Amino acid sequence: QVQLVESGGGLVQAGGSLRLSCAASGSIFIINAMGWYRQAPGKQRELVASITRGGTTNYADSVKGRFTISRDNGKKTVYLQMNSLKPEDTAVYYCNANVRGSIIIPPVDYWGQGTQVTVSS
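One structure accompanies this document, and this report is about it. (Residues numbered from 1 in each chain as written. Predicted model: local features only at pLDDT ≥ 70, side-chain atom pairs only at ≥ 80, totals over all residues. Heavy atoms only, no water.)

## Looking at the overall build of the protein chain
In step 1: The secondary structure content of the protein chain amounts to zero helices and eleven strands.
In step 2: For the protein chain, the α and β elements follow one another from N to C terminus as β-β-β-β-β-β-β-β-β-β-β.
In step 3: For 121 residues, the compact-globule formula gives about 14 Å, and the C-alpha radius of gyration of the protein chain, at 14 Å, lands near that figure.
In step 4: C-alpha atoms of the protein chain, sized along the principal axes, occupy 50 × 25 × 25 Å.
In step 5: Relative to its full complement of 121 residues, the protein chain shows a buried share of 40%.
In step 6: Partitioning the contacts of the protein chain with sequence separation of at least 6, the portion at a separation of at least 24 is 55%.
In step 7: As displayed, the protein chain offers around 6,300 Å² of accessible surface, 50% of which is attributable to carbon and sulfur atoms.
In step 8: Here the protein chain holds 12 positive side-chain charges and 7 negative ones, and the gap between their average locations is 6 Å. (Helix = DSSP H or I, 4+ residues; strand = E, 2+ residues; numbered from the N terminus. Rg over C-alpha atoms; globule rule 2.2 N^0.38 Å. Buried < 20%, exposed > 50% of the residue type's maximum accessible area, 1.4 Å probe, protein only. Contact = heavy atoms within 4.5 Å. Areas by Shrake-Rupley, 256 points an atom, 1.4 Å probe, with all protein chains shown as cover. Lys, Arg positive; Asp, Glu negative; His and termini not counted. Charge placed at Lys NZ, Arg CZ, Asp CG, Glu CD.)

Quick look at the structure:
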């Protein structure tokens, strides 16, 4: 089993910054892609940013130029630096990781418990 533990959420004023972290632990052979998703009240969960093991990144258009995803493979951790935050960024942010438990087990997607980000105007 794999656990993803997120930290770094909170309340911030518009224009401010937050940094989210997500550390993976458990039965891990290799972590493939990692990413951050968010879900605002009444809306579907959406991809914010993703990063491959090799460092290739992908961003939602709404966060390009403001958010930066990065990862530390040695620490099994993914980060999301969020700058120039807007009220519409308010949501629960979830960490996702595609993990292979062993060389013979197909990869599985795991999710963190979510961390609240609230941006006040």
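## Overview of the sheet that holds strand E3 (residues 18–26)
In step 1: If you trace the four strands from one edge of the open sheet to the other, you get E1-E3-E8-E7, paired in antiparallel fashion. Across the chains shown, the open sheet's two edge strands, defined by having one partner strand only, are strand E1 (2–7) and strand E7 (67–72). Each adjacent strand pair in this sheet contributes to an overall mean axis angle of 15 degrees, direction not counted.
In step 2: Looking at chain direction, E7 and strand E8 (residues 77–82) are connected through six bridges and run antiparallel. What sits directly across from Thr-68, in E8, is Gln-81. (Pairing = 2+ DSSP bridges. Axes fitted to C-alpha atoms, helices over the stretch in contact; angles between N-to-C directions.)

## Regarding the state of the cysteines
Among covalent bonds in proteins, the disulfide is the one between the sulfur atoms of two cysteines.
In step 1: Applying the stated rule across the entire model yields one disulfide.
In step 2: Bridging Cys-22 to Cys-95, the disulfide has an S-S length of 2.1 Å. Its torsion about the S-S bond being -80 degrees, the disulfide of Cys-22 and Cys-95 is classed as left-handed. Of this pair, Cys-22 sits in strand E3 while Cys-95 sits in strand E9 (residues 91–100), and the two are 73 residues apart along the sequence. The same class applies to Cys-22 as to Cys-95, namely buried. (Disulfide = S-S within 2.5 Å.)

## Examining the packing of aromatic side chains
What describes a pair of aromatic rings is the distance from one ring centre to the other and the angle between the planes of the rings.
In step 1: Counted under the stated rule, the structure contains one aromatic pair.
In step 2: Look at Tyr-37 and Trp-111: their rings are 4.9 Å apart centre to centre, the planes differ by 65 degrees, and that puts the pair in the edge-to-face class. Within this pair, whereas Tyr-37 is found in strand E4 (residues 30–39), its partner Trp-111 is found in strand E10 (residues 108–111), the two being separated by 74 residues in sequence.
In step 3: Since its relative accessible area comes to 22%, Tyr-37 is described here as partly exposed.
In step 4: Here Trp-111 falls in the partly exposed class, since its relative accessible area comes to 38%.
In step 5: We note Arg-45 situated over the ring of Tyr-94; from NZ or CZ to the ring centre the distance is 3.7 Å. (Phe/Tyr/Trp six-rings, centres within 6.5 Å; stacked < 30°, edge-to-face > 60°. Lys NZ or Arg CZ within 6 Å of the ring centre and 35° of its normal.)

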